[in-house]
Amino acid sequence: MNPRVAKALKERATRERKSVSSTINDLLEKALKVVETPEKKFKIRAFNSDGLNPGYEWEKLKDYLAEMDVQDYVDANPRH
C-alpha cells in the first residue's frame, strides 16, 4: 500500500475511533455504492411540438443566425 494512503487511513481511523480494517471496509462500501448507482436519466420537455418556446419561430431564428454570421465576417475582415 502506498505510504501516503496508509498514513491517511490511520489518521482517519484514529479520528473516527475505529480500526484501520473497519475504516477500509467502510470506505470501500461507500465507493462501491457510488460506482454501482446508476445515473438518473432526465428528459427535456419542449413547450410545443417543434421544440421552440412560444413566440419563437424557426425562420426568424435562421434569419437571425445568418445575420450574425455576416456580421462576424465583416468584423473579422475589415476593409483597409
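Residues numbered from 1 in each chain as written. Predicted model: local features only at pLDDT ≥ 70, side-chain atom pairs only at ≥ 80, totals over all residues. Heavy atoms only, no water.

### A closer look at the pattern of salt bridges
Think of it this way: side chains of opposite charge can pair up when their charged atoms draw near. Put simply, the rule is: Salt bridge, as applied in this entry: a Lys or Arg side-chain nitrogen positioned within 4 Å of an Asp or Glu carboxyl oxygen. Strands are runs of DSSP state E lasting at least 2 residues, helices are runs of H or I lasting at least 4, and numbering of each runs from the N terminus.
This model, assessed by the stated rule, comprises four salt bridges. Arg12 is paired through a salt bridge with Glu16; the nearest N and O atoms lie 3.0 Å apart. Linking Arg12 with Glu16, this pair stays in helix H1 (residues 3-16), spanning four residues, or about one helical turn. Where Asp26 meets Lys18, a salt bridge forms, and the shortest distance between an N and an O atom there is 2.2 Å. Residues joined by salt bridges that share partners form a network here, namely Arg12, Glu16, Lys18 and Asp26.

### Structural notes on the confidence of the model for the protein
Test applied: Values of pLDDT, the confidence the predictor places in each residue, fall between 0 and 100.
With 90% of its residues at a pLDDT of 70 or more, the protein shows a mean pLDDT of 82. The spread of mean pLDDT over the elements of the protein runs between helix H3 (residues 58-76), the lowest at 81, and H1, the highest at 94.

### Quick look at the environment of Ala66
Within the fold, Ala66 resides in helix H3. Separated by 45 residues in sequence, Ala66 and Ser21 have C-alpha atoms that sit 64 Å apart.

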